[in-house]
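# Overview (structure and organization)
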Amino acid sequence: MKPEELVGIVGWGSYIPRYRLPLSEITRVWGFNPEQPRELDVSEKSVAGLDEDSITMGWEAALNALRRAGVNPREIGAVWFGTESKPYAVKPSATVIAEALGITPSTMASDLEFACRAASEAMRISIGAVASGLVKYALVIGSDTAQANPGDVLEYTASSAATAFIIGPSGESAAIFEASYTYVTDTPDFWRRSVSPYPLHGEAFTGEPAYFHHIVGAVKGLMEKTGLKPGDFDYAIFHQPNGKFPVQVARMLGIPPEKVKPGLVTPMIGNSYNSSALIGLSKVLDEAKPGSRILLAPFGSGAGSDAYSIVVTDKVVEKRGRAPRVVDYLARKKIIDYAFYAKSRGLIKRIG
Amino acid sequence: MRFSVPRYWRERHSYYRLKAAKCLDCGRVTYPYTERCRFCGSSRVVEVELVNEKARLLTYTVIYSAGEGFEDKKPVVIGIVETEESKARLLARITDVDVEELKTGILLEPVLRRINEDGESGLIYYLIAYRPVLKTG
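Every residue gets a number counted from 1 within its own chain, in the order that chain's sequence is written. Just so you know, chain letters begin at A and ligand numbers begin at 1, following the order they were written in. Predicted model: local features are reported for residues with pLDDT of at least 70 only, side-chain atom pairs are reported and counted for 80 or more only, and whole-chain, interface and lining totals are derived from all residues. Computation of side-chain values covers all heavy atoms of the structure but excludes hydrogens and water.

### Some details on the pattern of salt bridges
Within this document, salt bridges are pairs made up of a side-chain nitrogen of Lys or Arg and a carboxyl oxygen of Asp or Glu, the two lying within 4 Å of each other. Per the counting criterion, the structure on display carries 34 salt bridges over all chains. In this structure, the salt-bridge partner of Glu35(A) is Arg38(A), at a minimum N-O distance of 2.6 Å. Residue classification places Arg38(A) among the exposed residues on the basis of a relative accessible area of 61%. Taking the shortest distance from any N to any O, the salt bridge between Glu82(B) and Arg89(B) comes out at 3.0 Å. For Glu82(B), a relative accessible area of 18% puts it in the buried group. Residues participating in the shared-partner salt-bridge network are Asp51(A), Glu52(A), Arg332(A), Asp96(B) and Arg113(B). The classification of residues rests on relative accessible area computed with a 1.4 Å probe and restricted to protein chains. Under 20% of the type maximum is buried, over 50% is exposed, and intermediate values are partly exposed.

### A short note on the nonpolar core
As used here, the term nonpolar core means buried Ala, Val, Leu, Ile, Met, Phe, Trp, Tyr and Cys residues forming a set that is joined through side-chain atoms within 4.5 Å. Among the nonpolar cores identified, the biggest contains 75 residues, and Trp59(A), Leu101(A), Leu139(A), Ile166(A), Tyr8(B), Ile94(B) and Tyr130(B) are the most heavily contacted of them. Helix and strand assignments come from DSSP, with helices taken as H or I runs of at least 4 residues and strands as E runs of at least 2, each series counted from the N terminus. Broken down by element, this core gets its largest block of residues, nine residues, from helix H3 (residues 54-69) of chain A. Here this core spans two domains, and each of domain 1 (3-174 + 329-344) and domain 2 (175-316) of chain A adds at least three residues to it. Core analysis: the next-biggest nonpolar cluster, separate from the first, contains 35 residues, Ala129(A), Val130(A), Ile237(A) and Leu281(A) among them. Domain delimitation follows an automatic or database domain assignment.

### Details of the domain arrangement of chain A
Residue and element names in this part refer to chain A. Taken as a whole, chain A is organised into domain 1 (3-174 + 329-344) and domain 2 (175-316). Computed over C-alpha atoms, the centres of domain 1 and domain 2 are 15 Å apart. Joining two parts hides part of their accessible area as seen by a 1.4 Å probe, and the buried area is that hidden amount summed over both. Overall, the association of domain 1 and domain 2 removes approximately 4400 Å² of surface from exposure, summing both partners, and the carbon and sulfur fraction of that is 58%. Sorting the residues of domain 1 by area buried against domain 2 places Trp12, Cys116 and Ala174 first, and these three jointly supply 14% of that buried surface. Our count for the domain 1 to domain 2 interface comes out at three salt bridges. Across the pair Asp306 and Arg117 runs a salt bridge, and its minimum N-O distance is 2.8 Å. Side-chain atoms alone can form a polar contact between residues adjacent in sequence; in general such a contact is a pair of N or O atoms within 3.5 Å, and within protein one must be able to donate a hydrogen while the other accepts it. Between domain 1 and domain 2 we count 30 residue pairs in polar contact (both at pLDDT 80 or more) in total.

### Observations regarding the packing of aromatic side chains
For this analysis, a ring pair means two rings from Phe, Tyr or Trp (six-membered ring only for Trp) whose centres lie within 6.5 Å, classed as stacked if their planes differ by under 30 degrees, edge-to-face if by over 60, and tilted for the remaining angles. The final tally for this structure, using the stated rule, is 14 aromatic pairs over all chains. With a centroid separation of 6.3 Å and an interplanar angle of 75 degrees, the aromatic rings of Tyr8(B) and Tyr16(B) are classed as edge-to-face. Its relative accessible area of 6% is what places Tyr8(B) among the buried residues. Here a set of aromatic residues connected by ring pairs shows up, and it is made of Tyr211(A), Phe212(A), Phe245(A) and Phe299(A). Counting as a charge over the ring demands two things of the Lys NZ or Arg CZ atom: a distance within 6 Å of the ring centre and an angle within 35 degrees of the ring normal. Between the NZ or CZ atom of Arg28(B) and the centre of the ring of Phe39(B), over which it lies, the distance is 3.9 Å.

### Focus on the sheet that holds strand S15 (residues 334-335) of chain A
Residue and element names in this part refer to chain A. Pairing between two strands requires that DSSP report at least two bridges joining them. An order of S3-S2-S15 is seen for the three strands of this open sheet, with the pairing classed as mixed. With partners counted over all chains shown, the strands left at the sheet margins are strand S3 (44-47) and S15, one partner each. Sheet topology places strand S2 (residues 19-22) next to S3; four bridges connect them, and they run antiparallel. In the strand pairing of S3, Leu21 is matched with Lys45. When checking whether two residues touch, look at their non-hydrogen atoms; a contact exists if any pair is within 4.5 Å. Only the stretch in contact is used when fitting a helix axis, every axis being a line fitted to C-alpha atoms; angles between N-to-C directions are given from 0 to 180 degrees. Along the sheet, helix H1 (residues 23-30) contacts S2 and S3; its crossing angle with S2, the most-contacted strand, is approximately 50 degrees.

### Remarks on helix H4 (residues 93-100) of chain A
Extensive coverage of H4(A) is indicated by the burial of seven of its eight residues. If you check which residues of H4(A) are buried, you get Ser93(A), Ala94(A), Val96(A), Ile97(A), Ala98(A), Glu99(A) and Ala100(A).

Have a look at this one:
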């Protein structure tokens, strides 16, 4: 038996902050072409409040995942936190969340970094850890308050949200991993040096050699490994830097847009980085029928992609109502202007 | 205002999980946890956590002239809340709410928030705050 088949998603949960910045505010302030948000297929982005960061958002997503899992927090043997917006450069975020959720002290805990796919790497690691019996449950969190240089094109989409999964035995799971595959290379499409508050991106690298090449590589690798074909999947969820790329990569793989749309959250909240593809999976688990097969392919700059085949079980139905769904958080929103956004994200410098 | 790092560490379960003392004699709950019941003086108390309870807003104030360390966060909303099951009363930050939405009696739920930090290099302080209950469909 493959390790994946012993392991599944016992609980899932997400969090989206209440504030939304219409992208028209960014075009207004910086004098950009007003058509650009439509070209990206993103209308608003979620913005973390003044008292929020990747730890607080990750805490709420993890709490929702724990509620759905219905497991004792002390049975969790690993807390892996994927982010590129760590509140501390040195001091783990995972231990704050583990302590606040009553998981400590008998657990592994660490923060992982691989641009937008660190939490996905954590998911693959957790498959191995659970399948081997090293831990019974692992908590995987993807959470980001994504940064963008004010006035940079990245500012359109860099948003805030979190998603978490309790990975555990397949017999208790709402969805079971069928197979997984990872494809990475050294590609300079996007980076942030340790001294820099904002990332840079290698313009020509962000599309073809990065996003499309790695996701196609991972998905094709998964299909070769399993014999599965595009038509075998009911849903396809890809990393969502904007609303257009996931539909384009689906087309390249022979997957129709209607299988992508249910897991496409970026048009409403922007790109939440480590939560970007994972919040799509969270939303699909909120809605999918038992027996559905899901293709999940997160991507991270630098660059790499993972492809997973995930099959939904009957247990998804009873677990759904135990925590707020992604649509509940999408519905809770307060529209803000650029000034409020600037204050919330620390772009205003006061003295005294 | 600066927190003390040792005190924050010592009291982290009061801040993260709302560790409180339930009195085995009078049944009332004291937050934060103390060895002796604040209401009847009994030392027969057990540890409970209030972090899973919703709460009602009993009263509140909006601080427009915030103190040291909170200048960037104005206006700051502070309230006294009463938890639904334990009927414990505590002073807490109220968040994710517009001043015009504030009303005594509204139902709130606990959320972990980044309340303050010691400048750009010091420790970050996470505490439970309360926000209006999320509507679920």
